[in-house]
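# Structural description and commentary
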Amino acid sequence: METLRSIKIGETVRVEKVGGEGALRQHFLDMGLIPGAEVTLVKYAPMGDPMELRLHGYELTLRLADAEQIEVCPVAAKAEEVKPNKKHSKTDHPGLGEGGRFHAKGDGVPLEKGTVIRFALVGNQNCGKTTLFNRLTGSKQHVGNFPGVTVDRKDGSIIGHEDTLITDLPGIYSMSPYSSEEIVSRNFVLNEKPHAIINIVDVTNIERNLYLTMQLLEMNIPMVVALNMMDELTSNGGSIDINQMEKRLGVPVVPISAAKNKGIEELVEHAIHVAYYQERPLRYDFCDKTENGGAVHRCLHGISHLIEDHVEAIGMPLRFVTSKVIEDDPLVIEKLELDQNEIETMEHIVTQMEKERGLDRSSAIADMRFRFIHRLCDDTVKKPAESKEHIRSRRIDKVLTGKYTAIPAFILIMGLVFFLTFNVIGAFLQDIFEMGVDKVTELTDKALNHVNVNSVIHDLIINGIFAGVGSVLSFLPVIVTLFFFLSMLEDSGYIARVAFFMDKLLRKVGLSGRSIVPLLIGFGCSVPAVMSTRTLPSERDRKMTILLTPFMSCTAKLPIYAFFVNAFFPKRGGFIMVGLYLLGIVTGILAAYLFKGTLFRGEAVPFVMELPNYRLPAAKNVAQLLWEKAKDFLQRAFTVILIATVVVWFLQSFDTHMNMVSDAGDSILAAIAGIFAPVMSPVGLGDWRILVALISGFMAKESVVSTLEILYSGSVETAMTSLSAGCLLVFSLLYTPCVAAIAAVKRELGKKWALAEVVWQCGVAWVMTLIIRAVLIAIGVS
Amino acid sequence: MNIADIILILLIAAALVFAVRASVKNAKSGSCCGDCTKCSGCNKE
């Protein structure tokens, strides 16, 4: 039998059998790779692996090794299917979720007055949940254009309805969780029991999105379906018979465009109505008695009756549990506490169904759902031939993911980003900012002298706070510029492509292409990078990616690089900057090889990922992200760095008897740092002032510069040598991430890993600095 | 010590108190596992 691996580019085949086992197989089925589905091979990644497939109207990536497990048969050459210009027959408006119609039956049990109505916002990845959440709540959560931007839940109340609480959940493809952020969503819906669900459906990819909708209907929780991106569908000539869809699904269906703020009010009205009156879905039984002899129908209903008492005892929705039991979900089966007889009876029923249906248990359930979806879409959805957005994406991808152009284009794009940030836009703005900071310092100095301020307080303000915080503030433009470019890449959908063509390369070091997303975010900031590893479906990949993130030099280290490069190597600034970034990446690769052979043996997770269409980033989103980053930086400058500069100033200005010292070498700080000096002397960083700066860098990397400015009284250039500056640059690049990043590691992996990360990074930094120092001495740097 | 010194000391002290409070608050925000009944990782009531 032919497998998916052996088909040719442009060839369309029909899936016969899905091999493999466990969560991955279930994930294949949930993504629509079910027996009977037609799949077209679009292209291979530039390095020959993974492959890009088109099915159910969207693009999916799959590794060749995984494709080998999927048996296919050729689809008989068929003439281009020409569908008659479908006109929807007029269907009465069912009026679900509106006053007077459904509610008038009197079977709704309203919530008590004053109850805070809790909503869950659930949908596939990258379908616009966070955009809708921001519209509903007026909040400013970050949105992107690759699957898995939201890795954590976010709460807020709907504007104008203070008695509501809506929770934005990470995107999921089904209620069979595959990665840890998907578990967050499933746990929330199952355990937190929201009063209603707002299910957001991307209409440009409606079949796969409705697969989740069907599972949510099985939960028997009041629900509204929001059909998002309707503007995109209609502008391409498509349409949806909303009334008919509402009637068939048995829940209110509201067309919206979250990005353009259309249909939101209607959605809110319906959502509040179904939640307040607790109007549950009119149907959750989608198996057809007449379909394929009714095997799946009889199996579902038979088992449903068999386990009804157990399901009631644990308070879970019956239909959902029945489906999960048939799919052999161990978590659900364990909860039911069935006795041996019941388990055996159940197995007999499932075996009989598999025999009659000719499909295994999971495929049969997935097939039943997709069959209903296809019938529904055939009757209610008029699809455009190919959307403008998809045509545009296809054209751009010819270059950006082309066989010979993808890698050069990536290097060119990243090179351009760094060149513009450090040499053109960022550097220009930084000069202006620096002048501003110097002017304010000068004016303050004059003012303090004018009112005869005490010399100790004067010293604290000018040589402590202004020297420290001021020196860090001037780097704000460079950081914001780099974040601007990173957010443009992320919002456009390019980062998902990078994951696609880097997969083979990353697999060589034991990671999957999906790890590229956290690693690229790591060039911005390690904290969101660590958080974004939640999109990785295996614990092994997550741990390994988190441990490698600190090797990607974050923007907070830029002030250190810029300061030392300007002071010691002004003519080779660009070369040294790029060199530092490359050194971080190369050390990371070496560390990955080490991890692969020791701590994390085994294979990286399969690369199953959706490739979104390219979109032009919305100016508002980009501006919002930049403002958030600038605000975050300013907040750090005026909190952590302010505290650090005042503490450093105090400790270097007084001795242990609380007398002000004239020589900082007699200060408390010098005494403390002296303890570590013997360890750091071999790497050329034995000076107590450098040690203090590095310790303060643990609080926030930017404060390394501010601390040195204070301790060397603004004359770092004359007090340090080029050799020690080079060593300090390398050590700063690689030593422990800041406390915020370590706290994020602790949250994700626990205390032991967080502590191990600190020790490991310091160790790596020490060894690499020793090597680089020897190289620098050998080439004559002194 | 003149009045300007006293005002400046008070201002610096207030700034430090604010900075410490803000830093502690930031450090507290945890992430979510979706199971609020068994977990208090995010410090939500």
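Not measured: the values here are computed from a predicted model. (Residues numbered from 1 in each chain as written. Chains lettered and ligands numbered in written order. Predicted model: local features only at pLDDT ≥ 70, side-chain atom pairs only at ≥ 80, totals over all residues. Heavy atoms only, no water.)

Another point: the overall build of chain A. Assigned secondary structure in chain A consists of 33 helices and 14 strands. For 782 residues, the compact-globule estimate of 2.2 N^0.38 gives 28 Å, and the C-alpha radius of gyration of chain A, at 30 Å, lies within 12% of that figure. When its C-alpha atoms are laid out on the principal axes, chain A stretches across 95 × 60 × 55 Å. Residues counted as buried form 59% of the 782 residues belonging to chain A. Carbon and sulfur atoms make up 60% of the accessible area of chain A, which amounts to about 31900 Å² in all. Where the 78 positive side-chain charges of chain A centre and where its 85 negative ones centre are 4 Å apart. (Helix = DSSP H or I, 4+ residues; strand = E, 2+ residues; numbered from the N terminus. Rg over C-alpha atoms; globule rule 2.2 N^0.38 Å. Buried < 20%, exposed > 50% of the residue type's maximum accessible area, 1.4 Å probe, protein only. Areas by Shrake-Rupley, 256 points an atom, 1.4 Å probe, with all protein chains shown as cover. Lys, Arg positive; Asp, Glu negative; His and termini not counted. Charge placed at Lys NZ, Arg CZ, Asp CG, Glu CD.)

Quick look at helix α25 (residues 640-653) of chain A now. Residue and element names in this part refer to chain A. A rise of 1.5 Å per residue sets the reference length of α25, with its 14 residues, at 20 Å; its end C-alpha atoms lie 20 Å apart and thus fit the reference within 8%. Along α25, 12 of the 14 residues are buried, which leaves the element largely enclosed by surrounding structure. Buried residues of α25: Val640, Ile641, Leu642, Ile643, Ala644, Thr645, Val646, Val648, Trp649, Leu651, Gln652 and Ser653, and no others. (Expected span 1.5 Å × (residues − 1).)

Residues and elements named next belong to chain A. Turning to its location among the elements, Thr736 is positioned in the loop between α31 (722-734) and α32 (739-749). The buried category is assigned to Thr736, whose relative accessible area is 4%. Setting aside anything within four residues of it in sequence, one finds Thr736 in contact with Phe698, Lys701, Ile742, Val758, Gln761 and Cys762. (Contact = heavy atoms within 4.5 Å.)

Assignment of secondary structure puts His348 of chain A in helix α12 (residues 340-357). Between the C-alpha atom of His348 of chain A and that of Cys299 of chain A, which follows or precedes it by 49 residues, the distance is 9.8 Å.

Residue and element names in this part refer to chain A. Compared with an ideal rise of 1.5 Å per residue, which puts 13 residues at 18 Å, helix α5 (residues 206-218) spans 19 Å between its outermost C-alpha atoms and is within 8% of the ideal. Within α5, 13 of the 13 residues are buried, which leaves the element mostly enclosed by the surrounding structure. Asn220 sits one or two residues past α5 and shows a positive phi near 55 degrees.

What follows covers the packing of helix α16 (residues 455-473) of chain A against helix α29 (residues 703-711) of chain A. Helix packing for two helices is described by the angle between their axes and how far apart those axes are. Residue and element names in this part refer to chain A. One can describe the packing of α16 onto α29 by two numbers: an axis separation of 8 Å at closest approach and a directional angle of 145 degrees. Read as a crossing pair, α16 and α29 show a hand that is right-handed. Of α29, the residues touching α16 (which contributes Asn463, Gly464, Ala467, Gly468, Ser471 and Val472) are Ser703, Val705, Ser706, Glu709 and Ile710. The class makeup of the residues in the contact of α16 with α29 is 4 nonpolar, 6 polar and 1 charged. (Axes fitted to C-alpha atoms, helices over the stretch in contact; angles between N-to-C directions. Left-handed = near helix turned anticlockwise from the far one by under 90°. Nonpolar A, V, L, I, M, F, W, Y, C, P; charged D, E, K, R; others polar.)

What follows covers the sheet that holds strand β9 (residues 196-202) of chain A. All names here are of chain A. In space, the 6 strands of this open sheet follow the order β7-β8-β6-β9-β10-β12, with mixed pairing throughout. Taken across any chain shown, the strands that pair with only one partner, and hence form the sheet edges, are β7 (154-156) and β12 (253-255). Pairs of neighbouring strands in the sheet enclose a mean axial angle of 25 degrees, with direction left out of account. Relative to β12, strand β10 (residues 223-228) runs parallel, the two sharing 3 bridges. Pairing of Leu227 across the sheet is with Pro255, part of β12. Across the sheet, helix α7 (residues 242-249) is in contact with β10 and β12; its angle to β12 comes to roughly 150 degrees. (Pairing = 2+ DSSP bridges.)

All names here are of chain A. Applying the stated criterion across every chain, the model contains 29 salt bridges over all chains. A salt bridge links Arg5 to Glu68, with the nearest nitrogen and oxygen atoms 3.6 Å apart. Separated by 63 residues along the polypeptide, Arg5 in the segment before β1 (12-18) and Glu68 in the loop between α2 (64-67) and β5 (70-74) bring together distant segments of the chain. With a shortest N-O distance of 2.6 Å, Arg542 and Glu748 are connected by a salt bridge. (Salt bridge = Lys/Arg side-chain N within 4 Å of Asp/Glu carboxyl O.)

To continue, consider the nonpolar core. Generally speaking, nonpolar side chains in soluble globular proteins are found buried as a group. Residue and element names in this part refer to chain A. Residues Leu548, Tyr561, Phe564, Leu685 and Leu708 are the most contacted members of the largest nonpolar core, which totals 127 residues. When near neighbours in sequence (up to four residues on either side) are disregarded, Leu548 contacts Leu511, Leu519, Gly588, Ala591, Ala592 and Phe595. Phe28, Ala120, Ile240 and Ile307 belong to the second-largest nonpolar core, a separate cluster that totals 89 residues. (Core = buried A, V, L, I, M, F, W, Y, C linked by side-chain atoms within 4.5 Å.)

Our next topic: the packing of aromatic side chains. All names here are of chain A. Applying the stated criterion across every chain, the model contains 16 aromatic pairs over all chains. Between Phe595 and Phe600, the aromatic rings sit 5.8 Å apart at their centres with planes inclined by 80 degrees, giving edge-to-face as the arrangement. On the basis of relative accessibility, which here comes to 6%, the residue Phe600 falls in the buried class. Pairing Phe600 with Trp753 gives two aromatic rings, centres 6.0 Å apart and planes at 20 degrees, and the pair type is stacked. Of the two residues, Phe600 is situated in the loop between α23 (573-597) and β14 (609-610) and Trp753 in helix α33 (residues 751-778); the sequence distance between them amounts to 153 residues. Through pairs of rings, three or more aromatic residues link up here, namely Phe563, Phe564, Phe568 and Phe569. The ring of Tyr58 carries the charged tip of Arg208 above its face, separated from the ring centre by 4.4 Å. Above the face of the Tyr735 ring, Lys701 is positioned so that its terminal group lies 3.6 Å from the ring centre. (Phe/Tyr/Trp six-rings, centres within 6.5 Å; stacked < 30°, edge-to-face > 60°. Lys NZ or Arg CZ within 6 Å of the ring centre and 35° of its normal.)

Turning our attention to the confidence of the model for chain A. In this model, chain A carries an average pLDDT of 86, and 94% of its residues clear a pLDDT of 70 or more. Here residues 78-82 of chain A is a poorly scored stretch, pLDDT under 50, and it has 1 contact once near neighbours within four places are set aside; other chains count. (pLDDT = per-residue confidence, 0-100.)

In this section: the pairing of β9 of chain A. All names here are of chain A. Buried residues dominate β9, accounting for 7 of its 7 residues. Burial along β9 is two-sided: Ala196, Ile198, Ile200 and Asp202 facing one way and Ile197, Asn199 and Val201 facing the other are all buried. Relative to β9, strand β6 (residues 117-123) is paired through 5 bridges, and the arrangement is parallel. Bridge pairing in β9 places Val122 opposite Asn199. Two elements, β9 and β10, share 6 bridges in a ladder whose sense is parallel. From the neighbouring strand, Ile197 faces β10, where its bridge partner is Met223. The handedness of the β9 to β10 crossover, carried by α5, is right-handed. (Right-handed = clockwise from strand over helix to strand, strands pointing away.)

All names here are of chain A. Strand order in the open sheet formed by 6 strands is β5-β1-β2-β3-β4-β14, and the pairing between neighbours is antiparallel. In this open sheet, the two edge strands, each paired with only one partner strand, are β5 and β14. Here β1 runs beside β5; their pairing, made up of 5 bridges, is antiparallel. For Val18, the partnering residue across the bridge sits in β5 and is Ile70.

Of note, Ser653 of chain A is situated in helix α25. Beyond its immediate chain neighbours, meaning those up to four positions away, Ser653 of chain A contacts Asp459, Asn659, Met660, Val661 and Ser667 of chain A.

Bringing unusual backbone geometry into the picture now. Residues and elements named next belong to chain A. The peptide bond linking Asp49 to Pro50 adopts the cis configuration, its omega dihedral lying at 0 degrees. The phi dihedral of Asn126 is positive, around 60 degrees, even though this residue is not glycine. With respect to the element layout, Asn126 can be found in the loop between β6 and α3 (129-137). For Met229, which is not glycine, the phi dihedral falls at a positive 65 degrees. One can find Met229 in the loop between β10 and α6 (230-235).

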